[in-house]
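Here is how the chains run, residue by residue.
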Amino acid sequence: MKKCNLKYILVEKVHISKFKSSYEALLNYDMLTVEHNDLVLFRLHWKNVEVSLVPNDRKEKYEKGTMTKSMTSESSSEEKSEEHMDVKLKHCLAYVLHTSGTTGIPKIVRVPHACIVPNIQHFRCELPVQLGFPLLGTVVEVRDTNGFTIQEGNGQVFLGGRNRVCFLDGEMTVPLGTMRATGDFVTIKDGEIFFLGRKDSQIKRHGKRLNIELVQQIAEGLQQVESCAVTWYNQEKLILFMVTKNDLVKDYIFEELQKHLPSHAIPDELVLINSLPFTSHGKIDVSELNKIYLNYRDLKSECKLSGKEELWEKLHHLWKSVLSLSEDALKIPDESLFLNSGGDSLKSIRLLNEIENLVGTSVPGLLEILLSSSILEIYNHILQTVFSDKDLTVSKNHAMKRKFSDATQEEASGKSLHQEAVVPLNCDNESNAFIALSRGSQILSLNTDRYLTKLGHCPSTYSSDLNSQTDIQNRESLSTPPLVGKSEDPSCVVEVSEEDTPVIRAEKMEFRVRWRSDTGKCVDASPLLVIPALDKSSATVYIGSHSHRMIAVDLYSGKVKWEQILGDRIESSACVSKCGNFIVVGCYNGLVYVLKSNSGEKYWMFSTENAVKSSATLDPTTGLLYIGSHDQHAYALDIYKKKCVWKLKCGGTVFSSPCLSLIPSHLYFATLGGLLLAVNPATGDRVWKHSCGKPLFSSPRCCLQYIFIGCVDGNLLCFTHFGEQVWQFSTNEPIFSSPCTSASEQEIFFGSHDCFIYCCSMKGHLRWKFETTARVYSTPFVFRNHNHNNEMLLAAASTDGKLWILESKSGQLQSVYELPGEVFSSPVVWESMLIIGCRNNYVYCLDLLGDKGNEVQSLEYT
């Protein structure tokens, strides 16, 4: 009572004598009459009572926002002390409580007197409590995902203090000053803390952070919704449960949500229920909601489609829903292609899942059809694959055949495959020595040793014909803990150049646009750079566009050397022939074009049966070129004899590019059916295959020991050259980025749709990861920074148009630059120049400048 500075107390008359004898040494009192006959009111006057128990400097201390730095995730000490609070001490505990476990694991919490008394002391004054400051004796920290205390940005609140400790479950002693995670996520901005939501409400979806409470708040604000709840079912589906005023409002609610929420926050499914389930504690029962959804899904899959008309109607509905089109939109034309209608690879996976939920079973080969065929062909494929009932089948005559707009009758019939051998153009070794660079730090140097020596360079393993042939001793991977970098680098400042071009500078490096070239439409292909050994100044960039244009651009000046119009969109990246006289590129119209590298003139066109998005790979020993097609075949082409050497059915669409290993002699293909194939490059015979279970958009990459590939299930997979899986490394979202290895073949770099760039050791251990601001679709590129102690750098791009330069050993940010459009192209770096395509229709060449304006060298033969 004394500590609380108690002023008044009511005492029963029968206990007045006992009260007086017990406390007259400690206090004086006045007796006041009250209306109640059995009670007496005492006004107390404590002897030698401290006027205030609150330190005078408390308010000033907290106004300064002092925070204690910590580097652990569960405990830290307010001061360096080995003191502990012991639950076994007499009178230690004030009370015991049980947590419900609604938002986590249920806990028994034993609260000591020393922990709760500061609350009483703090509030003992009717004075108003100033919001935004901790209670007496309480330390508040905000920590990031790695346990570091932060002053700006997003993190989780941790609470503690010297005596602010409790005992959880079986704990018997706890260090004084222990900090506990609260599960509350906040953001700090300009010294102020803003609440974001509970830990269980924060998820990563489509590569972006999402607070599901936001979805619930928006939905609750809609006129037709009485109440609702949102769950993250199995950490893969966002489900909105609703109690509505009208059963026929699903489409309306979807439309309204799309107006008020970003695309990554739109629920996967809406489930109508009569009432929300609650726990005995009055909270939403998430486990019960999950049961409701499971039953809903099972009933949905049991519902038989009444006929082909209903399938056609529901396919249209799903098409519009996934593409965020209004139900009132015009009828979808039969020949509509998913990708041309606004779809992308991630949306295609969502549509695949929706269709399979609709028909109640998996549909083999459907993903390939979604990405390459019309809605009518998709419809027919579902009918013919899933339904055996004659009433549901449609004649194959109704299926639309893909049109090859610029293919002549001769090209389409394949007659050109068997033409007589022709004498290739000039293949003299001396005049055709060159270096070719393509995405993922792939470097091909043919006949260059003599000329590199003349130019004052010595060839290194980094410029060998294929990375898989480098003769480098393997070193043990370091066992250092992984590092995590973030895009919010305080050293970066935004500037604007004289041409109103944003330039983001860091302490070590700066971007500057050297030139840009307009292609007319989006540039998703990656650049091919060819540098002749005799005349380095005539280096040329080759790249294609959605505008059907294939262009050759002078590397140094940006002047267009030639332009060739092909028959359809180009997403395939170009490949150079062994002699250097030809450029090979695939096209949406199903043709593989062989163009003369000096003029763009069409030399030969080879016809496949569907779109070619795969990029060709050169065998430097035989001159054969290997490429895949959406017709589910892999091809080996002899461009000099103008014929197909072999053709292999791969069991799925070949979207990505093949990878060649010379030792052992294996050619690797990946399919959207989830197969990784090892093929004999000379004969086309299959050596082995492995089913990854999910589509493979990523291109395989091999080194001396292993093959690596990313999968849409979020895993980077590692295999031996004999097909044995060695390890897998998991990210939080699908991997479309292709892996890239360091020059020493000790690290693998790749991106993920979870917005991170990763670096792993050859044993599959995380070295570091760096968080960008959007999904990472493209393939990273490793290059040398000659101006900074020969350090190796990494260039990468995120889909929001940002280019990132990182230190390859640590993941530390060196510089960032934002292009004015989305980026799905991969960067290529030579000398001080970075070349990349952008969806604003341009190809960019940017100079990388060091901290003193020096150019950064990408490749140095030393």
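Residues numbered from 1 in each chain as written. Predicted model: local features only at pLDDT ≥ 70, side-chain atom pairs only at ≥ 80, totals over all residues. Heavy atoms only, no water.

Asker: Any chance you could explain the sheet that holds strand 5 (residues 93-98) here in plain terms?
Answerer: Strands in a sheet are paired, the pairing made by backbone hydrogen bonds, and the direction either parallel or antiparallel. Ordered by their spatial adjacency, three strands build an open sheet running 5-6-9, and the pairing between neighbours is antiparallel. The sheet is open, and its two edges are formed by strand 5 and strand 9 (167-168), each paired on a single side. Where strand 6 (residues 108-112) and strand 9 come together, two bridges link them in antiparallel fashion. Bridging from a neighbouring strand, Arg-110 pairs with Phe-167 of strand 9. (Pairing = 2+ DSSP bridges. Helix = DSSP H or I, 4+ residues; strand = E, 2+ residues; numbered from the N terminus.)

Asker: It is not clear to me how the side chain of Glu-831 should be interpreted in this structure. Could you clarify?
Answerer: Tracing the backbone shows Glu-831 in the loop between strand 52 (828-830) and strand 53 (833-837). You can call Glu-831 buried: its relative accessible area is 14%. Within the structure, Glu-831 has its side chain in polar contact with the side chain of Tyr-556 (distance 3.0 Å). (Buried < 20%, exposed > 50% of the residue type's maximum accessible area, 1.4 Å probe, protein only. Polar contact = N/O pair within 3.5 Å; in protein donor to acceptor, adjacent residues only side chain to side chain.)

Asker: Looking at this model, I keep getting lost on the packing of aromatic side chains. Mind explaining?
Answerer: Applying the stated criterion across every chain, the model contains 26 aromatic pairs. Ring centres of Trp-312 and Tyr-379 lie 4.8 Å apart, and the angle between their planes is 65°; on these two criteria the pair is classed as edge-to-face. Of the two residues, Trp-312 sits in helix 7 (residues 308-322) while Tyr-379 sits in helix 10 (residues 375-386), which places them 67 residues apart along the sequence. Across the pair, exposure class does not vary: Trp-312 and Tyr-379 are buried alike. Between Tyr-842 and Tyr-844, the ring centres sit 6.2 Å apart and the planes meet at 50°, which makes this aromatic pair tilted. You can call Tyr-844 buried: its relative accessible area is 3%. Stacked on the ring of Tyr-588, the Lys or Arg Arg-569 has its end atom at 4.8 Å from the ring centre. Note that Lys-769 overlies the ring of Phe-756, its terminal NZ or CZ placed 4.5 Å from the centroid. (Phe/Tyr/Trp six-rings, centres within 6.5 Å; stacked < 30°, edge-to-face > 60°. Lys NZ or Arg CZ within 6 Å of the ring centre and 35° of its normal.)

Asker: Looking at this structure, how should I read helix 10?
Answerer: For an α-helix, 3.6 residues make a turn, and residues three or four places apart therefore share a direction. Taking 1.5 Å of rise per residue, twelve residues should cover 16 Å, and helix 10 covers 16 Å from first to last C-alpha, within 8% of that figure. Those residues of helix 10 that fall on the buried side of the exposure criterion are Ile-375, Leu-376, Ile-378, Tyr-379, Asn-380, His-381, Ile-382 and Leu-383. (Expected span 1.5 Å × (residues − 1).)

Asker: Which parts of the structure should I look at to understand the pattern of salt bridges?
Answerer: Two side chains carrying opposite charge are able to pair once their charged atoms lie near each other. Taken as a whole and assessed by the stated rule, the structure comprises 19 salt bridges. A salt bridge links Arg-514 to Asp-847; the shortest N-O distance between them is 3.0 Å. Highlighted residues: Arg-514 in strand 23 (residues 509-518) and Asp-847 in strand 54 (residues 842-850), separated in sequence by 333 residues. Through salt bridges that share partners, Asp-524, Glu-822 and Arg-839 make up one connected network. (Salt bridge = Lys/Arg side-chain N within 4 Å of Asp/Glu carboxyl O.)

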